[in-house]
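One letter stands for each residue in the lines below.
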Amino acid sequence: MLIINYAKIQSMIRITALSAAIFFSSLCVLTHAQQTHVRTGAERMEAYLSELKGKKVGLVVNQTSVVGQNRTLLPDTLLSLAVDVRKIFAPEHGFRGDADAGETIVGGKDEKTGLPVVSLYGRNKKPSSEQLSDLDILVFDIQDVGVRFFTYISTMHYVMEACAENNKKLLILDRPNPNDYVDGPMLENMQKSFVGMHPIPVLHGLTVGELARMINGEKWLSSRSECPLKVIPAEYWKHGQSYSLPVKPSPNLPNDRAVALYPSLCFFEATRISVGRGTYFPFQVIGAPDKEYGSFSFTPESLPGFDKNPMHKNTVCYGMDLRNVNSKGGLTLYYLIDFYKKSKQGAAFFSSPSFMDKLAGTASLRKQIIAGKSEQEIRAGWKKALDEYKTLRKKYLLYPDY
C-alpha cells in the first residue's frame, strides 16, 4: 500500500520554489551587473572562440587589447586557451604602446609570449602575402578614440585590404567609441594620407567595427574589393553613452580628459604650439615660449613612456591649463583660433601648412582661420556634408543611436 506523505511533499515543493526564487533572483542581479559593465568584443569569447579553434591565427593588437577586469592582454588569453596564435601585427606606438608618435617601429619577438611581432608602422603598413601565408585568420582588437587622424583605423584599412587580396577572414573584436560625436570637416580626396584615409569627418561617430563595415560597403578598399569580415560587437553600450578607457590608447593620451580634448588640440601639431608632450598632462595644456599666450606655464622634458624628444624641450612655455576646464568633449575651434590671433604671425602660425591640411582633411579650415572667419562661420560650411554623412552612417551602425 502506497502511503503519501503530503507534508513532506509540500515541504519539498517549498524548498524547490525557494531555490528557484534564489536562482532567478541571483540571475537578475547578475544580469543587472552585466548591464552596468560594458562587455567588449574581446570579452565575448562565447561569440568568437569557435572561429579560432583549429585555425592558425594572427593578431593585430597592442596594449589596449585587454580582456576582462584583470586587463589580461588578448594574446595571453588566447594562448592560455590553446588557440594557435602564430604572430602579432603591431600598429603605431608598437605592441606594448610605448613608442613615441611617428617613431619607427621595428619588428622582432615579444619577450613574454615568444611570438614574432610584425610592425605595421613605417615602410610596412600593410601585411604582405608572405606575412599572411602561414595564417588562416586575422583578429583585429585595438581601442580607437573616434578621431579620423588617429592612425589605428588606417592600420585597420590596410589589414582589411591585405585580407581581401589574400582571401583571409578578418575578425574584429569591437570596442566602444569614447569620442562618440559626428563633427568637423570632411576629408577631401586630395588630402588622403595615413592620418586620414576615408571621406569621413574628424569625429566620425563610429566604432572600428562599424567603420570596417562602412569601408567594405562603400568599396573604399583598393580595386573596390571586399574584405571577408566578421564583427563581434560589444554588449551593453549604445551610441552617446560615455565610456572610460581602461588603458591609455597611446603614450600621450593618459586619461579621459586628454582623449576628450585630443580632437580639438591635435591641430596644434601643425604649429609651434606645444600640446604638453613632455609633461605628465599631454593634450591637457597648450603653450609656447611667449608670455602673450597666457599666464600658466609648463616645461616639456624628455619623459620615457610619454615623449622622449618633445617640442620646446627644457624651455618654459606659457599658455592655458585645460585640466579643469568644463568641457563636454567633441570638437571646438576656440583654442586654435584664439592662439592664432595671439600669435600675431598670420599664415606663418601654421608652421606645417600641408600637415594642417592633412589633419583637417581640407585646406579650407586653415585658409578660413587666416581670413579671420569665426568658428560659427566655419561650422556653417560643414553642415551640408555632415548631414549627408549622418545619413550614410546609419546604414552601418551596430548599436542603438543617440
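See above for the structure.
The structure contained in this document is the topic of the report that follows.

Examining the pattern of salt bridges
- Summed over the entire model, instances satisfying the criterion amount to 24 salt bridges.
- Between Arg-277 and Asp-307 there is a salt bridge, and its shortest N-O distance comes to 3.8 Å. Residue Arg-277 is found in the loop between helix H7 (256–265) and strand S12 (285–288), and its partner Asp-307 is found in the loop between strand S13 (296–298) and strand S14 (317–321); the two are separated by 30 residues along the sequence.
- Given a relative accessible area of 15%, Arg-277 falls into the buried group.
- On the basis of relative accessibility, which here comes to 8%, the residue Asp-307 falls in the buried class.
- Salt bridges sharing partners connect three or more residues here, namely Arg-39, Arg-44, Glu-46 and Glu-235.

Examining the sheet that holds S14
- One open sheet accounts for three strands, arranged S12-S14-S13; its pairing is antiparallel. If you trace the sheet from one side to the other, it starts and ends with S12 and S13, each paired once. Strand-to-strand, the axes of this sheet are offset by a mean angle of 45 degrees, without reference to chain direction.
- Where S13 meets S14, three bridges bridge the pair, whose relative direction is antiparallel. Looking across to S14, one finds that Phe-296 is bridged to Gly-319.
- Across the sheet, helix H8 (residues 334–343) lies against S12 and S14, angled at about 150 degrees from S14, the strand it touches most.

Describing the packing of helix H5 (residues 152–166) against helix H6 (residues 208–217)
- Relative to each other, H5 and H6 sit at 45 degrees, their axes nearing to 11 Å. Classified by the angle between their axes, H5 and H6 sit oblique to one another. The two elements H5 and H6 cross, and the hand of that crossing is right-handed. When H5 is examined against H6, the residues Ile-153, Met-156, His-157 and Met-160 are found in contact with a partner set consisting of Val-208, Leu-211, Ala-212, Ile-215 and Asn-216.
- Looking at side-chain class alone, the contact of H5 with H6 contains seven nonpolar, two polar and no charged residues.

What counts, and where the lines are drawn
- Residues numbered from 1 in each chain as written.
- Predicted model: local features only at pLDDT ≥ 70, side-chain atom pairs only at ≥ 80, totals over all residues.
- Heavy atoms only, no water.
- Salt bridge = Lys/Arg side-chain N within 4 Å of Asp/Glu carboxyl O.
- Helix = DSSP H or I, 4+ residues; strand = E, 2+ residues; numbered from the N terminus.
- Buried < 20%, exposed > 50% of the residue type's maximum accessible area, 1.4 Å probe, protein only.
- Pairing = 2+ DSSP bridges.
- Axes fitted to C-alpha atoms, helices over the stretch in contact; angles between N-to-C directions.
- Contact = heavy atoms within 4.5 Å.
- Parallel < 35°, antiparallel > 145°, perpendicular 65-115°, else oblique.
- Left-handed = near helix turned anticlockwise from the far one by under 90°.
- Nonpolar A, V, L, I, M, F, W, Y, C, P; charged D, E, K, R; others polar.

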